[in-house]
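Understanding the architecture of this molecule
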Amino acid sequence: MTASKGLTLLKNTLVWCCLALVIGAMVGALDALFGRVLIGLSNFRTAHSFYLLPFLALAGLTIVGCYQKFGGKSGKGMTLVFDVNEGKEETIPLRLIPLAMGATWLTHLFGGSAGREGVAVQLGATLSHRFSRWISQEEGSNKLLVLGMAAGFAGLFQTPLAATLFAMEVLIIGRFYSQALFPTFVASFMASWTSHSLGLEKFTFPVSVSLTLTPELVLKLLLLGILFGLCGNFFAYALTYAKRWAAKLFPNPYWRIASLGVLLSILFLVLDAGRYSGLGTNLISASFSGGSILPYDWLLKLLLTVLTLAAGYQGGEVTPLFTIGACLGVAVSSLVGLPLVFVAALGYAAVFGSATSTFLGPMLIGCEVFGYANLPYFFIVCAIAFALHPQHSIYGAQKMVSNK
């Protein structure tokens, strides 16, 4: 490498580093606002479930009305992010930010079963991609997109390593966008630090087990990987099918969200007055603190999340996937003869990986939440869950790299 090329590379690295710090700080601050308000609304709903759950359909009509009147292309959500990456769309409208945040807040306030990461990733991608007009480097636009997605994920969950790898592998199954590694790493840590400094807390639960990788243990981990992989694939398939079914049954989005919203209100009230509403953090907490987890909690949370998102409510899928995986882990832990919290932790990460067709991000999120001493176990279980059927994903616009 010549001296001039070395200086150019150093200059580009410094520019990207500075840009990543700015974007990370902006996205982290936005995540802190979004996350803290969401937690406050969720707590308020939990305290007043009987008064709020009956109005889920009305909240849905408000969401659809806002998107119909003001949304434009932003109504495509995560699909728009994938389309921009592929060059099918050029920009992500800034109005996506208030619309996605407001719609998610309404969904959770009135009891819809949904996540939050989808919004955080969209917020990060929207903000970061606005800088593409000043970046002339080849694939600079896509690099900014990956950087922003990672910052959005990291700022919300405060798992910067997992966010970095998740963003680089999620856009296209089987391709790792390594060119974006360094700036994505910087933006993720900056977003995580910023959101934490602004009062958004990280969920951690150290899991300490004394196990040796014997053939018997490896066989049990392989079995768990298959089980969690099937669960994640089932969620992805059910979500795809339910969205098509709902759109066919109710072509009018107002009728769709109103009709299914009424049904969801009834189900949430009947099923333990909102036990399956919202993010599912109540069930995650119970899974790791010795609380009451029923053998079918994972299935009911799965079905109600699928129905909520198919109806048109906003949020995401990842936190419910964490919940589903943890509850399923609790349910099967006695069958494999392994510690309950250990299997719940494996399910927490592996179901998420299977449903999103990613491997490295879920493996590291398991380490960042439950401890790096468990890396070998997360590696085996997440690898099997990912490899089971990578074509099934919760992201309908996600592509798979061709081997030709």
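See above for the structure.
Residues numbered from 1 in each chain as written. Predicted model: local features only at pLDDT ≥ 70, side-chain atom pairs only at ≥ 80, totals over all residues. Heavy atoms only, no water.

Let's shift gears to the overall build of the protein chain. Scanning the protein chain from N- to C-terminus turns up 17 helices and two strands. In terms of overall dimensions, the protein chain is globule-like: its C-alpha atoms have a radius of gyration of 21 Å, near the 22 Å expected for 404 residues. Dimensions of the protein chain, computed from C-alpha atoms along their principal axes, come out at roughly 70 × 60 × 45 Å. A burial count over the protein chain gives 56% of its 404 residues as buried. Long-range contacts, defined here as pairs at least 24 residues apart, represent 79% of the contacts in the protein chain between residues at least 6 apart. When the accessible surface of the protein chain is split by element, carbon and sulfur atoms take 67% of a total near 16,700 Å². The distance from the centre of the 24 positive side-chain charges to the centre of the 15 negative ones in the protein chain is 6 Å. (Helix = DSSP H or I, 4+ residues; strand = E, 2+ residues; numbered from the N terminus. Rg over C-alpha atoms; globule rule 2.2 N^0.38 Å. Buried < 20%, exposed > 50% of the residue type's maximum accessible area, 1.4 Å probe, protein only. Contact = heavy atoms within 4.5 Å. Areas by Shrake-Rupley, 256 points an atom, 1.4 Å probe, with all protein chains shown as cover. Lys, Arg positive; Asp, Glu negative; His and termini not counted. Charge placed at Lys NZ, Arg CZ, Asp CG, Glu CD.)

The subject of this paragraph is the nonpolar core. With 132 residues, the main nonpolar core has Met149, Phe228 and Leu346 as its most contacted residues. In contact with leucine 346, other than residues within four places in its own chain, are Leu221, Leu224, Phe228, Tyr377, Phe378 and Val381. (Core = buried A, V, L, I, M, F, W, Y, C linked by side-chain atoms within 4.5 Å.)

Now for the environment of serine 334. Along the chain, serine 334 falls in helix 14 (residues 318-336). Since its relative accessible area comes to 60%, serine 334 is described here as exposed. When the C-alpha atoms of serine 334 and isoleucine 266 are compared, they prove to be 33 Å apart, with 68 residues separating the residues in sequence.

Taking 1.5 Å of rise per residue, 18 residues should cover 26 Å, and helix 11 (residues 253-270) covers 25 Å from first to last C-alpha, within 8% of that figure. Turning to helix 11, its buried residues are Arg256, Ile257, Ala258, Leu260, Gly261, Leu264, Ser265 and Phe268. In this structure, the buried residues of helix 11 make contact with helix 3 (56-71), helix 10 (215-249) and helix 13 (297-311). Measuring from the backbone nitrogen of tyrosine 254 back to the side-chain oxygen at the start of helix 11 gives 2.8 Å, which picks out asparagine 252 as the cap. One or two positions beyond helix 11, positive phi appears at aspartate 272, with a value near 65 degrees. (Expected span 1.5 Å × (residues − 1). Polar contact = N/O pair within 3.5 Å; in protein donor to acceptor, adjacent residues only side chain to side chain.)

For the rest of this paragraph, the subject is the side chain of threonine 107. Among the secondary structure elements, threonine 107 is positioned in helix 5 (residues 96-109). When near neighbours in sequence (up to four residues on either side) are disregarded, threonine 107 contacts Leu56, Ile63, Gly112, Ala114, Thr308, Tyr313 and Gln314.

It is worth spelling out the pattern of salt bridges at this point. Under the defined criterion, the tally for this structure stands at five salt bridges. Of the charged contacts, one joins glutamate 89 and lysine 76 as a salt bridge, the two residues approaching to 3.4 Å between their closest N and O atoms. Remark: lysine 76 occurs in the loop between helix 3 and helix 4 (78-86) and glutamate 89 occurs in the loop between helix 4 and helix 5; sequence separation between them is 13 residues. Its relative accessible area of 21% is what places glutamate 89 among the partly exposed residues. (Salt bridge = Lys/Arg side-chain N within 4 Å of Asp/Glu carboxyl O.)

Moving on to a nonpolar patch on the surface. The grouping of Phe55, Leu58, Leu61 and Tyr254 at the surface amounts to a nonpolar patch, some 360 Å² of accessible area in total. Secondary-structure assignment places phenylalanine 55 in the loop between helix 2 (49-52) and helix 3. Judged by relative accessible area, phenylalanine 55 falls into the partly exposed class, the value being 44%. (Patch = residues over 30% accessible without salt bridge, like charges linked within 9 Å, V, L, I, M, F, W, Y side chains within 5 Å.)

Running from amino to carboxyl end, helix 15 (residues 340-356) crosses helix 16 (residues 360-370) at an angle of 150 degrees, the nearest separation of the two axes being 8 Å. The pairing of helix 15 with helix 16 is recorded here as roughly antiparallel in orientation. When you trace helix 15 past helix 16, the crossing you get is right-handed. Along its contact with helix 15, which presents Ala345, Tyr348, Ala349, Phe352 and Gly353, the element helix 16 presents Pro362, Ile365, Gly366 and Phe370. (Axes fitted to C-alpha atoms, helices over the stretch in contact; angles between N-to-C directions. Parallel < 35°, antiparallel > 145°, perpendicular 65-115°, else oblique. Left-handed = near helix turned anticlockwise from the far one by under 90°.)

With that settled, the discussion passes to the environment of isoleucine 284. When you line up the elements, isoleucine 284 lands in helix 12 (residues 281-289). With a relative accessible area of 5%, isoleucine 284 lands in the buried category. Spatially, the C-alpha atoms of isoleucine 284 and alanine 345 are 9.8 Å apart, while their sequence positions differ by 61 residues. In this structure, isoleucine 284 is in contact with Phe203, Thr319, Phe322, Thr323 and Tyr348, ignoring residues within four places of it in sequence.

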